[in-house]
Amino acid sequence: MRLKEKVAIITGSSKGIGFTTALTFAREGAKVVICGSSQENADKAVKELLAQIPGAQVMGFKANVTDRAEIDAMVATVKEKWGKVDVLVNNAGITSDAMLRKMTEEQFDKVIDVNLKGVFNCTKAILETMLEQGNGSIINCSSVVGIYGNVGQTNYAAAKWGVIGMTKSWAKELGRKGIRVNVVAPGYTHTSMMDTVPENIL
């Protein structure tokens, strides 16, 4: 069990890649914090995880990554119960696609707020804890779209490219403090986020 007794917070983990990450971490012995867009979604994911891994240590929270106060409260509860935060996986993300001519400022801002600033918010929320510990691991989820761009995804591509830039900056800042910061850039993965993509595009 490679993650025995490690405490891992995984944002956007009530479904999709985030939930599969939570399952993997739990199987490796981690104490897992599932974060969903609603408490109902988080509770449902906790129940599903426990059905697959009986006895796993897991908590579920409504955690809006754009709401710093909500994130801070969640981290405080985790520390109160488990005493530390070893891993943060910044996975939460949304899409709001449109061609540039039709993309609204609201669509642009919404995706940037969740996919880019949300990563900043959650990392800030756990940073002092990891600095005090002198160790930790931050894993940021970007996308191949952040590297190569994609038609109709100006907002998403900008946010995911920004995540890569932040990761490189934080790795340089925090590596010397014992905190590893890495980024993963998944390709297209068949999750519920893909439900809105037309079949011919898939």
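The preceding data block contains the structure.
In this report, we go over the structure that sits alongside the text. Quick caveat: nothing in here was measured; it's all calculated off a predicted structure. (Residues numbered from 1 in each chain as written. Predicted model: local features only at pLDDT ≥ 70, side-chain atom pairs only at ≥ 80, totals over all residues. Heavy atoms only, no water.)

With respect to the overall build of the chain
Just so we agree on the cut-off: Helix and strand definitions here come from DSSP, where helices need a minimum of 4 consecutive H or I residues and strands a minimum of 2 consecutive E residues; each element is numbered from the N-terminal end. Taken over C-alpha atoms, the radius of gyration is set against a globule rule of 2.2 Å times the number of residues to the power 0.38. Categorising residues by exposure relies on relative accessible area from a 1.4 Å probe, with only protein chains included: less than 20% of the type maximum marks a residue as buried, more than 50% marks it as exposed, and the intermediate range marks it as partly exposed. By definition, residues are in contact when any of their heavy atoms lie within 4.5 Å. Per-residue and other accessible areas follow the Shrake-Rupley method at a 1.4 Å probe size, with only the shown protein chains counted as cover for residues. The charge count includes Lys and Arg as positive and Asp and Glu as negative, but it does not include His or the ends of the chains. One atom stands in for each charge, and that atom is NZ of Lys, CZ of Arg, CG of Asp or CD of Glu.
Of regular secondary structure, the chain possesses six helices and six strands. Helices (α) and strands (β) of the chain occur, in sequence order from the N terminus, as β-α-β-α-β-α-β-α-β-α-α-β. For a compact globule of 202 residues, the expected C-alpha radius of gyration is about 17 Å, and the chain comes in at 17 Å, within 12% of that figure. By the burial criterion, 47% of the 202 residues in the chain qualify as buried. Contacts spanning at least 24 positions in sequence make up 68% of the contacts within the chain whose residues lie at least 6 apart. Counting only carbon and sulfur atoms, one obtains 53% of the accessible surface of the chain, whose full area is about 10,700 Å². Distance from the positive charge centre (24 side chains) to the negative charge centre (20 side chains) of the chain: 6 Å.

Side note on helix α3 (residues 68-82)
The criterion, for reference: An expected span of 1.5 Å times one less than the residue number is assigned to each helix. It is the directions from the helix axis to the C-beta atoms that the arc portrays.
Relative to the 21 Å expected for 15 residues at 1.5 Å per residue, α3 spans 21 Å between its end C-alpha atoms, a close match to the ideal helical length. For α3, the complete set of buried residues consists of I71, M74, V75, V78 and W82. The arc enclosing the buried residues of α3, seen along the axis, measures out at 95°, which places them on a common side. In this structure, α3 carries A69 and E80 as exposed residues pointing more than 90 degrees from its buried face.

Some thoughts on a negative patch on the surface
Heads up, the condition is: Note on patches: the residues involved have over 30% relative accessible area and no salt bridge, like charges join within 9 Å, and the nonpolar side chains Val, Leu, Ile, Met, Phe, Trp and Tyr join within 5 Å. A side-chain nitrogen of Lys or Arg and a carboxyl oxygen of Asp or Glu constitute a salt bridge if their distance falls within 4 Å.
There is a patch of like negative charges on the surface, built from E105, E106, D109 and D113. Inspection of the secondary structure assignment puts D113 in helix α4 (residues 105-133). Judged by its relative accessible area of 37%, D113 is partly exposed.

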